[in-house]
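Read off the chains here:
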Amino acid sequence: MKLLAPLCLALFVISTIGEAQAAPKHKPAHAPKAGKAKPRKAAPPPRKPAIDVEGEQVNFNEWQAVREFEDDMVAKHGFDRAALEGLVGQVRYVESAVNLIKPAPPGKPKNWQAYRARFIEPIRIRAGVRFWDENAATLARAESQYGVPAEIIVGLLGIETLYGRDTGRFRVLDALTTLAFAYPETPNRADRMAFFRSELENTLLLARDTGIDPLTLTGSFAGAVGMTQFMPGNILKYGVDFDGDGRIDLSNSAADAIGSVANYLSRFGWNRKLAGPWAIPAEVSPSRAWEGLLGGGLSARYRPDELQAAGVTTQVTLPSDRLYGLVDLQNGAEPTEYWVADDNFFAITNYNRSYFYAMSVIDLGQAIKLSRGA
Ligand SMILES: [Ca+2]
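For clarity, every value in this text was computed on a predicted model and none was experimentally measured.

1. Concerning the coordination of the calcium ion
Donor atoms from the polypeptide that coordinate the calcium ion comprise Asp241 (OD), Asp243 (OD), Asp245 (OD), Arg247 (O), Asp256 (OD) and Asp256 (OD), at 2.2 to 2.8 Å from the metal. If you look at the calcium ion, its 6 donor atoms make angles of 50 to 158° with each other, and the shape they trace is irregular. Donor residues for the calcium ion, ordered by position in the chain, follow D-x1-D-x1-D-x1-R-x8-D. Residue classification places Asp243 among the partly exposed residues on the basis of a relative accessible area of 37%. Residue Asp245 is classed as partly exposed on the basis of its relative accessible area, which comes to 46%.

Now the structure itself:
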């Protein structure tokens, strides 16, 4: 499979070169290279894909699948066909989005401590203290309204985008159109294309609802927007106008970002009654009876006595009326760390399905809280 995939792609590129301009009705899986029909001779030198904000001018309006999408937008949502074609005519194909969305090749083993060190560091902590100070009243209001502590909101926005400093440099419309219609060859390609197509639909609806030019929306290579890195569909579903100016702006309004993160976590199970710590270090017995508790889904399902019976123990006594999940954090060649975590930890994994992610949000929030108190 791994050997075949690049070969198939290479063959496909060769077979479509020259066809692209002559037969635009041909369903494209790869963007036509406008005006460049020169076949590639040697493999390109290995390089890391650069962030590509420029993109390539291709006429997406000539692509059959894009025309079908436009038909849907007209029929379902009453978009003006000519205006839509005018907009799509300005959308660019961004090959770097295609490269970045590909699954990473198997690399080094996962290493929590290395991951943690990248995020829990002085620059991010200082920026978090400043963000908290500047938005203290808004964070307190979000905490009271949604029950999500300020430290979690501040930790999450720090991990996501360093408080808006790193929100991505792609035009959302370019990234989503490219991925919706030219997704790379992967086993889940059809599902992913459908996902990005629906996010493209959401972007156009969002832009129409809020009266913004969709070409001005910028975000990650996957189309995630603003300080919160919400996909457009999540902006429609979970975005909050928390500064009350009449529109949701997750790129420029810290208040909207704060309210939207708090709303999202609250909707995905954050329980204000569960005070921290949300994750507690654990020891596991050599018998490995606890292995069956791993991978039990992203939820807290085990009582403390069940954990203990399986050989999972903690230094502190766990409240008997709370449920926990067992979390393993791999450390490369070093021993794996084990933790028990409650529902609020798993609420964070709904933002990004990763233990490393949830733990780093909690740790950064705590580091900022400590630094702020000091
Ligand atoms: Ca607003």
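2. Here we look at the packing of helix H9 (residues 150–161) against helix H13 (residues 254–267)
Think of two packed helices as two axes; the pair is described by the angle between the axes and how far apart they sit. Contact geometry for H9 and H13: axes closest at 10 Å, N-to-C directions at 110°. With respect to H13, the axis of H9 lies roughly perpendicular. Residues Ile152, Ile153, Leu156 and Leu157 of H9 lie in contact with H13, whose contacting residues are Ala257, Ile258, Val261, Ala262 and Leu265. Taken together, the residues that form the contact of H9 with H13 break down as 9 nonpolar, no polar and no charged.

3. Topic: the pattern of salt bridges
Following the criterion strictly, the structure yields 17 salt bridges and no others. With a shortest N-O distance of 3.7 Å, Arg124 and Glu121 are connected by a salt bridge. Residue classification places Arg124 among the buried positions, given a relative accessible area of 13%. Accessibility expressed as a relative area gives 18% for Glu121, which makes it buried. Residues Glu291 and Arg288 are paired through a salt bridge, measuring 2.8 Å at the closest nitrogen-oxygen approach. Within the structure, one salt-bridge network assembled from shared partners comprises Arg67, Glu70, Asp71, Arg81 and Glu85.

4. Some words on the pairing of strand E5 (residues 279–284)
Relative to strand E8 (residues 334–341), E5 is paired through 4 bridges, and the arrangement is antiparallel. Looking at E8, one finds that Pro281 is bridged to Trp339. Where E5 and strand E6 (residues 312–314) come together, 3 bridges link them in antiparallel fashion. Across the sheet, Val284 pairs through a bridge with Val312, a residue of E6.

5. A few points about the sheet that holds E5
Pairing is antiparallel in the open sheet, where 4 strands are placed in the order E6-E5-E8-E7. Strand pairing shows two members of the sheet lacking a second neighbour, E6 and strand E7 (325–331), which therefore form its edges. Neighbour-to-neighbour, the strand axes of the sheet open up by a mean angle of 45°, direction not taken into account. In this structure, E7 lies alongside E8, joined through 6 bridges in antiparallel fashion.

Definitions and cut-offs
- As a convention, each chain's residues are numbered from 1 in the sequence order in which they are written.
- Local features in this predicted model are restricted to residues whose pLDDT is 70 or higher, and side-chain atom pairs enter the listing and the counts only when it is 80 or higher, whereas totals over whole chains, interfaces and linings include all residues.
- The basis for the side-chain values is all heavy atoms of the structure; hydrogens and waters are excluded.
- Coordinating donors are taken to be N, O and S atoms lying within 2.8 Å of the metal, or within 3.2 Å when the metal is Na, K or Ca; because water is excluded from the atom set, some sites may appear incomplete.
- Angle rules define the geometry names used: all angles between 85 and 135 degrees makes four donors tetrahedral, while opposite donors over 155 degrees apart and all other angles between 65 and 115 make four donors square planar and six octahedral, leaving every other case irregular.
- Residue exposure (1.4 Å probe, protein chains only): buried if accessible area is under 20% of the type maximum, exposed if over 50%, otherwise partly exposed.
- Axis lines are fitted through C-alpha atoms, for helices just across the contact stretch, and the angle between N-to-C directions can take any value from 0 to 180 degrees.
- Here a helix means four or more residues in a row that DSSP labels H or I, a strand means two or more in a row labelled E, and each is numbered from the N terminus.
- Note that the term roughly parallel is reserved for angles under 35 degrees, roughly antiparallel for angles over 145, roughly perpendicular for angles of 65 to 115, and oblique for everything else.
- It only takes one pair of heavy atoms within 4.5 Å for two residues to be counted as in contact.
- Under the convention adopted here, Pro, Cys and the residues Ala, Val, Leu, Ile, Met, Phe, Trp and Tyr are nonpolar, Asp, Glu, Lys and Arg are charged, and Gly plus all remaining residues are polar.
- Whenever a carboxyl oxygen of Asp or Glu lies within 4 Å of a side-chain nitrogen of Lys or Arg, that contact is scored as a salt bridge.
- In short, DSSP must find at least two bridges between two strands for them to pair.

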